Amino acid sequence: MPNPIPQTMSAVLLTGHGGLDRLVYRDDVPVPRPEAGQVLVQVTATAKNNTDRKAREGHYSTRDDDEAVSFAIGGKPTLTFPRIQGADVVGTVAAVGDGMNPARLGERGLLDFNIYGTGRRDINLVPDYFGHGADGGFAEYVVVPDDQFHAVTDPTLADAELAALGMCSYQTAYHMLTAADIHPGEHVLITGASGGVGTALIQLCRIIGAIPYASSTPAKAPALCELGAQAVFDRRDTRDFVARTAAATGGVPFDAVMDLVGGASTRRFIEAMTFDMVARTTYPRLSIAGASESNVSEIPWTLIYLYQVRIVGVSHGTRAEAEQLVHWIRAGRLRPVLQAAFPLSAIHDCERYFVDRAAGHLGKVVVVPDAQWATHGAPFALA
Ligand SMILES: NC(=O)c1ccc[n+]([C@@H]2O[C@H](COP(=O)([O-])OP(=O)(O)OC[C@H]3O[C@@H](n4cnc5c(N)ncnc54)[C@H](OP(=O)(O)O)[C@@H]3O)[C@@H](O)[C@H]2O)c1
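All figures in this text were calculated on a predicted structure; none of them were measured in a lab.

**Things to note about the sheet that holds strand 15 (residues 256-259)**
Okay, so step 1: What the 6 strands build is an open sheet, ordered 14-13-12-15-16-17; its pairing is parallel. Each having just a single partner strand, strand 14 (232-234) and strand 17 (310-313) make up the two edges of the open sheet. The average undirected angle you get between the axes of adjacent strands in this sheet is 20°.
Okay, so step 2: Bridge analysis of strand 16 (residues 285-288) against strand 17 gives 4 bridges, and the strand direction is parallel. Among the inter-strand pairings, Leu-286 is bridged to a residue of strand 17, identified as Ile-311.
Okay, so step 3: Each of strand 12 (187-191), strand 15 and strand 16 touches helix 7 (residues 265-274); the most contacted strand, strand 15, lies at about 160° to it.

**Observations regarding the site of the ligand**
Okay, so step 1: Asn-50, Val-197, Ser-216, Arg-235 and Ala-289 are the nearest of the 24 residues found near the ligand.
Okay, so step 2: The side chain of Ser-194 places a nitrogen or oxygen atom 2.8 Å from an oxygen atom of the ligand.
Okay, so step 3: Within the side chain of Thr-217, a nitrogen or oxygen atom sits 3.3 Å from an oxygen atom of the ligand.
Okay, so step 4: The set of elements that each furnish at least two residues to the shell around the ligand consists of helix 1 (50-57), helix 3 (167-179) and helix 4 (196-208).
Okay, so step 5: Lining the shell around the ligand are residues from two domains, each supplying at least three of them: domain 1 (8-165 + 336-380) and domain 2 (170-313).

**Some thoughts on the pairing of strand 1 (residues 8-14)**
Okay, so step 1: Among the 7 residues of strand 1, 6 are classified as buried, and the element is accordingly described as predominantly covered.
Okay, so step 2: Bridge count for strand 1 against strand 2 (residues 23-30) is 6 bridges, and the pairing is antiparallel. In the strand pairing of strand 2, Leu-14 is matched with Leu-23.

**Considering the layout of surface pockets**
Okay, so step 1: If you add up the space inside the second largest pocket, you get close to 190 Å³.
Okay, so step 2: What lines the second largest pocket is a set of 15 residues, among which Met-9, Pro-30, Pro-32, Ile-84 and Asp-135 lie closest to the centre.
Okay, so step 3: Going through the elements one at a time, strand 1, strand 2 and strand 10 (141-145) are the ones with two or more residues in the lining of the second largest pocket.
Okay, so step 4: At 3 residues, strand 10 tops the list of elements feeding residues into the lining of the second largest pocket.
Okay, so step 5: Within the lining of the second largest pocket, the residues separate by chemical class into 12 nonpolar, 1 polar and 2 charged.

**A look at the domain arrangement of the protein**
Okay, so step 1: Looking at the protein, the domain boundaries give domain 1 (8-165 + 336-380) and domain 2 (170-313).
Okay, so step 2: The interface of domain 1 with domain 2 comprises 13 residues on the first partner and 11 residues on the second.
Okay, so step 3: A combined buried area of about 870 Å² lies between domain 1 and domain 2, and 54% of that area is made up of carbon and sulfur atoms.
Okay, so step 4: Per-residue buried area on domain 1 facing domain 2 is highest for Leu-165, Val-337 and Leu-362; these three make up 45% of the total on that side.
Okay, so step 5: Here domain 1 is connected to domain 2 by 0 salt bridges.
Okay, so step 6: Where domain 1 packs against domain 2, one counts 4 residue pairs in polar contact (both at pLDDT 80 or more).

**A few points about unusual backbone geometry**
Okay, so step 1: For the bond running from Phe-81 to Pro-82, omega is 0°, close enough to zero to count as cis.
Okay, so step 2: Mapped onto the elements of the fold, Pro-82 is located in the loop between strand 5 (76-77) and strand 6 (88-96).
Okay, so step 3: Positive phi, normally seen in glycine, also occurs at Asp-240, with a value near 50°.
Okay, so step 4: Residue classification places Asp-240 among the exposed residues on the basis of a relative accessible area of 59%.

Reading the values: rules and limits
Residue positions are counted from 1 within each chain, in the order its sequence is given. Reporting of local features is limited, given that this is a predicted model, to residues whose pLDDT is at least 70; pairs of side-chain atoms are given and counted only at 80 or more, and all residues count toward the totals for whole chains, interfaces and linings. Hydrogens are left out, water is left out, and the side-chain values use all remaining heavy atoms of the structure. Whether two strands pair depends on DSSP finding at least two bridges between them. Numbering of helices and strands runs from the N terminus, with a helix taken as a DSSP run of H or I at least four residues long and a strand as a DSSP run of E at least two residues long. The axes are straight lines fitted to the C-alpha atoms, using for helices just the contacting stretch, and the angles between their N-to-C directions are given from 0 to 180°. Contacts were defined at the residue level, with two residues in contact if any of their heavy atoms lie within 4.5 Å. Proximity criterion: a residue is near a molecule or strand once any of its heavy atoms comes within 4 Å of it. For the purposes of these results, a polar contact is taken to be a pair of N or O atoms within 3.5 Å, where, inside protein, one atom must be able to donate a hydrogen and its partner to accept one; residues adjacent in sequence count only when each atom of the pair is a side-chain atom. Where each domain begins and ends is defined by an automated method or by a domain database. Classification of residues uses two cut-offs on accessible area relative to the type maximum, computed with a 1.4 Å probe and protein chains only: under 20% is buried, over 50% is exposed, and between them is partly exposed. Here a cavity means grid points, on a 1 Å grid over the protein atoms only, where a 1.4 Å probe fits yet cannot get out; a pocket means an open set of points with protein on both sides within 12 Å along at least five of seven lines; lining residues are those with an atom within 4 Å of a point. Grid points are joined across faces, edges and corners, and a volume is the space filled by probe spheres set on the points. In this classification, the charged set is Asp, Glu, Lys and Arg, the nonpolar set is Ala, Val, Leu, Ile, Met, Phe, Trp, Tyr, Cys and Pro, and all remaining amino acids, among them Gly, are polar. Buried area: the sum, over both parts, of the accessible surface (1.4 Å probe) that disappears when the two are put together. Just to be clear on terms, a salt bridge is a Lys or Arg side-chain nitrogen sitting within 4 Å of an Asp or Glu carboxyl oxygen.

And the structure:
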């Protein structure tokens, strides 16, 4: 049976757009109470995502100016302050709202981080998420929808590892593949392949039978191949990119590119799909969900329309995709790629580490409440 629920908790409050000083660790934040349709989760681990930093720094403008804003859902921004960030929450059910199943008390689970605009399972057009439009997991407790907190009981998967399989990376990765209609046997280039979304893409390609190729740094090649990459291309070597990729695929163009990098590189990625249209049997597809290099790519329209490139923008996936991913997690088909855990009170160190990652960094970083650190964080502390 869970422990009694305190009145206040430790949490990191985002107090406004700006630098690290906007993240304030407090131990007097009221513990939220679950309402009908909700459960209260005692947090044991929450994965970090780029979106935490982007939202804090105000990088979600879709306008062509420098104004620091966040994206607007239904016409108005949903990020208000103070906000507790942290999308990929793992923990145990500590209380249930009116009418909810008390048998869930003590159950371990993973949050589907979306704030869905509707009940539809097949489409998600107004993507917002816990940690942005509502409080997330950089706290000791969080209230979430009962039907989006998915039980994962596998005792061989530590809570921090389960958080590293969180939906912000995995559901985005899966939706990149479904939106581009990837089929078994297709050759798929993954850019930014060593990150949270990239490592998810490599594994998901293998699950659906596609052949993943990675663009990354050479030092990470053995680990990426071990995860499932067929070959790894040095992202810093821009010469003869098309020829090098063609040599790896047996001379055929990539069927599709999953692009997390953007900037000047994207043109090369498209050329690696279009250099021989006679060899193709499907349209070239470019699925975009991130921009680690730059938010702006200069691409001739002729390259797009003459070669009939299908470009799809991807933010969050659907309820059905989240449930499929949980099914694969429960079945042990996805492997967590966890680089390091940090205590919640060290959120500034964690943010700095996340932004200036060392050359060998692979996969995810997880934050663990201090009271849970010995059990759930210390085994994964940064060496
Ligand atoms: N649309 C969505 O819902 C959604 C969800 C999650 C993430 N994203 C976005 O997707 C992108 C990747 O996210 P992530 O969480 O996987 O990131 P991540 O864990 O931070 O990994 C990004 C990887 O990209 C590579 N990289 C970094 N800077 C680069 C540069 N200038 N040029 C090329 N590659 C670079 C690095 O690997 P190497 O050094 O090995 O190349 C790095 O490990 C980000 O832009 C993020 O904001 C979007």
